[in-house]
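# Summary of structural features
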Amino acid sequence: MDPLLRIVDLHKRFGETEVLCGIDLEVPRTQKVAIIGPSGSGKTTLLRCVNYLEKPTSGHVYIDGTLIGEKHKNGAYVHLSDRELAKERAEIGFVFQRFNLFPHLTALANVAIAPRRVLGLGLQEAEARAREMLTKVGLGHKFDAFPERLSGGQQQRVAIARVLAMQPKLMLFDEATSALDPELIGEVLRVIRQLAEEGRTMIMVTHEIQFATEVADRVIFMDGGRIVEEGPPDAVIRNPSQARTRAFLTRLSER
Amino acid sequence: MIEFLDVYRQHFGEWVPELLVACIGTLQLMALSFMLAAIIGLAIALMRVSRSRLLQAIAVVYVEVMRGMPALVILFLIYFGLGGLGIEWLKFTSYQAAVLGLGLQGGAVLGEVFRSGIEALHSGQMEAALSLGMAPATAMRWIILPQAGRIVLPPVANYAIGLLKDTAICAIIAAPELMLRAKDIASSSFRPMHLFVLAAILYFIMSYPLSIMARRLEARLARDR
Amino acid sequence: MPAAAPNFWVVFWAKLPYFLSVLLGAAGTTIKVMLGALAVALTLGLIVALLKLARLVPLRWIANVYIEVMRGTPALTQLFIIYFGLSDLGIDIPPVPAAIIGLGMNGAAYVAEIYRAGILAIHEGQVEAALSLGMTPINAMRFIILPQAIRLMLPPLCNYAVSLLKDTSLASVVAAPEIMFFARQLVTETLLSMDIYLVVAVLYLCMSIPMSRLVAYLERARRAWQ
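Residues numbered from 1 in each chain as written. Chains lettered and ligands numbered in written order. Predicted model: local features only at pLDDT ≥ 70, side-chain atom pairs only at ≥ 80, totals over all residues.

### Structural notes on helix H7 (residues 179-190) of chain C
For H7 of chain C, with twelve residues, the first-to-last C-alpha span of 16 Å sits near the 16 Å given by 1.5 Å per residue. Downstream of H7 of chain C by one or two residues, Leu-191 of chain C has phi in the positive range, about 65 degrees. (Helix = DSSP H or I, 4+ residues; strand = E, 2+ residues; numbered from the N terminus. Expected span 1.5 Å × (residues − 1).)

Laid out in structure tokens, this is it:
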């Protein structure tokens, strides 16, 4: 059985700076991966390369055995346009740090719009699914609210529901709680934990080390664009073998 | 002063109806040019934000050229310039030339307005839409443009007011609108001051409601933020 | 394209030196009218802006009426009133001064709004800070508010100058000897309308595009400074 996600020798350069220096990664189905590391380590860039919001400078990404984001043209690999990428992206869910809800749509419409306009569901069906997802994240009473009326935690939960409505194979969380006030983080982590228990394949870039320990099957520590250390949470977090990992975790706990 | 106003009393009945009819011509001209400008403007804005370097370049050149010339020159180029080439289908009437000229220049102005509306939106919106699997065109249609539309309303309203006033320039190529009528009556009655002041009042009456609306739109947008 | 096409360009290049000699001379008047109107607009605009910011209601009212009327009527109509209308009443103003006054008065309304926006944009807290440091209101104006306000106002004022350059073409209808006026004469003389208006278009572009570039540069410099 192919791993759900396979990343082969991924490099990403922004101008002069190399942000990803050769990442190899395989994520089997139902695995929950937490990626931790200092800012600038490339964790967010790595995540954004998976759904091709960033186009890698070199290297390949395979979802379910299929190469995504590129096609063969005249013997070389060529990046796909956003239009061609749409199909592939519909199967990957991405939750942003800043939610990126659509302000001109209600919570219900936010969740229903992609099923309608991308999957082609009818209005009734799309809205029914949207209601189901919003209830699942605990916002069954906020269908008609506009994003500006929702708290940060509620907005992020709508964003998660929006992704769930597309029934993705893989879910990516880009520091989903970093932009939230401390008292609102809990409600979002609760939802993420619930999704983890349902057996979804998830990759979470996060600063919430405690949460990562509880929910993740596997923790990856990145620094300077490379994977420095990885393994089960007990190993990487409780008993890191690399000095850099230790330094990072110590700095974090001092906050 | 009294004699000045007296002239109005004498001629009110014959001047005002004619001028009012001409006002309709002005408003029609404005409406047609506006629609043309809006269509061209949307096309230009989309070209500007597109991935294609060629489309971007075309849009940039179009805007620079159209905005770098006086409207009068554009009108003259179309009416006298194209008309003088001897090719039948390029011989526009003054009204057609007026709509075309104002519309083409307006397209450049509105193109920039629409573009800044689109760019004002947080790039996160586009990324969220693309991540959900929307094609760029779908994202534009349902997420970006609806929001941009709201943002651009005040500058578009201001453009409309400017357009109304620019229709007066079309009198110079003899397009049937208010200024031309006023000029004609002024020459035949030898009362330029009276007629141009009357024309000014009529323009003011036509533009004032638009001004109020534009200001209200600006206030509403500022409040919503 | 009919057989006229190859002849068009042949004639065009042959006549170009003559057209340019006439039109470049006229460009001098164009610039004169523009600078004159700019001066009128900047000074009158300042007066109107100060009136609008005044404490006495009647003063503010005068300013508001002026701005509404000037912005609610076409510049062309205003030019007609000043040149043809006043002449009808016995006041004869020659073409170039009429154009300068007309475009200047029109512009003053826009410039006044630019001044006002610039001054109001400076945070009230700065005025308070300046005053609490012991500065007189005039010194606060001189050293704190105006320097910042001027930096804010420069780009919109330059934009106005560029549009003013284009508006000088309207002066042709009051017989001011600027580019458009001579262009139309050349056309009656030679009947080569397309040729001439193309040259005119390029002339205006050569004048306005560098000015627009300057404005864009100023905008970027301003943002960098902030």
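Having seen the structure, we can now continue with the description.
### A look at the sheet that holds strand E12 (residues 226-231) of chain A
Pairing between the strands of a sheet is mediated by backbone hydrogen bonds and can be parallel or antiparallel. Residues and elements named next belong to chain A. Read from one edge to the other, the open sheet built from six strands follows the order E8-E9-E10-E3-E11-E12, with strand pairing classed as mixed. Bordering the open sheet on either side are strand E8 (92-95) and E12, each of which pairs with just one other strand. If you compare each strand with its neighbour and ignore which way they point, the axes differ by 20 degrees on average. Looking at chain direction, strand E9 (residues 170-174) and strand E10 (residues 201-205) are connected through five bridges and run parallel. Looking at E10, one finds that Leu-172 is bridged to Ile-203. (Pairing = 2+ DSSP bridges. Axes fitted to C-alpha atoms, helices over the stretch in contact; angles between N-to-C directions.)

### Some remarks on the pairing of strand E7 (residues 76-79) of chain A
Residue and element names in this part refer to chain A. Where strand E6 (residues 70-73) lies against E7, four bridges are found, and the strand directions are antiparallel. For Glu-70, the partnering residue across the bridge sits in E7 and is His-79. As consecutive antiparallel partners, E6 and E7 are separated by two residues, and within that stretch Asn-74 has a phi angle of approximately 55 degrees, a positive value.

### So, the sheet that holds strand E1 (residues 5-14) of chain A
Residues and elements named next belong to chain A. Taken in spatial order, the four strands line up as E2-E1-E4-E5 in an open sheet, and their pairing is antiparallel. Each edge of the open sheet is held by one strand with a lone partner, namely strand E2 (17-27) and strand E5 (66-68). Mean inter-strand twist for the sheet, computed between neighbouring axes without regard to direction, equals 30 degrees. Summarising the sheet, strand E4 (residues 58-63) and E5 pair through three bridges and their orientation is antiparallel. Directly across from Tyr-62, in E5, lies its bridge partner Leu-67.

### Let's talk about the interface of chain B and chain A
Residue-level contacts link 16 residues of chain B with 21 residues of chain A. Those elements giving two or more residues to the side of chain B that touches chain A turn out to be helix H5 (123-131) and helix H6 (136-166) of chain B. (Contact = placed C-beta atoms within 7 Å.)

### Section: the interface of chain C and chain B
In this assembly, 30 residues from chain C lie in contact with 33 residues from chain B. Elements represented by at least two residues in the side of chain C that touches chain B include exactly helix H2 (57-72), helix H3 (75-88), helix H6 (137-167), H7 and helix H8 (193-225) of chain C. In the side of chain C that touches chain B, the residues fall into 20 nonpolar, seven polar and three charged. (Nonpolar A, V, L, I, M, F, W, Y, C, P; charged D, E, K, R; others polar.)

### Some details on the environment of Met-141 of chain C
Residue and element names in this part refer to chain C. With respect to the secondary-structure elements, Met-141 resides in helix H6. Note on Met-141: 16 C-beta atoms within 10 Å, which makes it partly exposed. Expressed as a C-alpha distance, the spacing of Met-141 and Ala-130, which sit eleven residues apart in the sequence, is 9.2 Å. (Buried ≥ 20, exposed ≤ 12 C-beta atoms within 10 Å, placed from the backbone.)

### What about unusual backbone geometry?
Outside of glycine, negative phi angles account for most residues, and trans bonds account for most peptide bonds. Of note, the phi angle at Asn-100 of chain A is positive, near 55 degrees, even though the residue is not glycine. Its location among the elements puts Asn-100 of chain A in the loop between E8 and helix H3 (107-117). The exposure class of Asn-100 of chain A is buried, given the 24 C-beta atoms found within 10 Å. Backbone geometry places Ala-175 of chain C, a non-glycine residue, at a positive phi of 65 degrees. Note that Ala-175 of chain C resides in the loop between H6 and H7.

### Let's talk about the packing of helix H4 (residues 94-120) of chain B against H6 of chain B
All names here are of chain B. Where H4 contacts H6, the two axes come as close as 8 Å, and the packing angle between them is 150 degrees. Between H4 and H6, the angle falls in the class roughly antiparallel. Note that H4 runs across H6; the crossing there is right-handed. Side by side, H4 and H6 meet where Leu-102, Gly-106, Val-109, Leu-110, Val-113, Phe-114, Gly-117, Ile-118 and Ala-120 of the first sit next to Ile-144, Ala-148, Ile-151, Val-152, Pro-155, Val-156, Tyr-159, Leu-163 and Asp-166 of the second. Classifying every residue of the contact of H4 with H6 gives 15 nonpolar, two polar and one charged. (Parallel < 35°, antiparallel > 145°, perpendicular 65-115°, else oblique. Left-handed = near helix turned anticlockwise from the far one by under 90°.)

### Quick look at the confidence of the model for chain C
Summarising the model, chain C shows a mean pLDDT of 86, and 94% of its residues fall at 70 or more. Confidence metrics for the complex model read pTM 0.77 and ipTM 0.85. (pLDDT = per-residue confidence, 0-100.)

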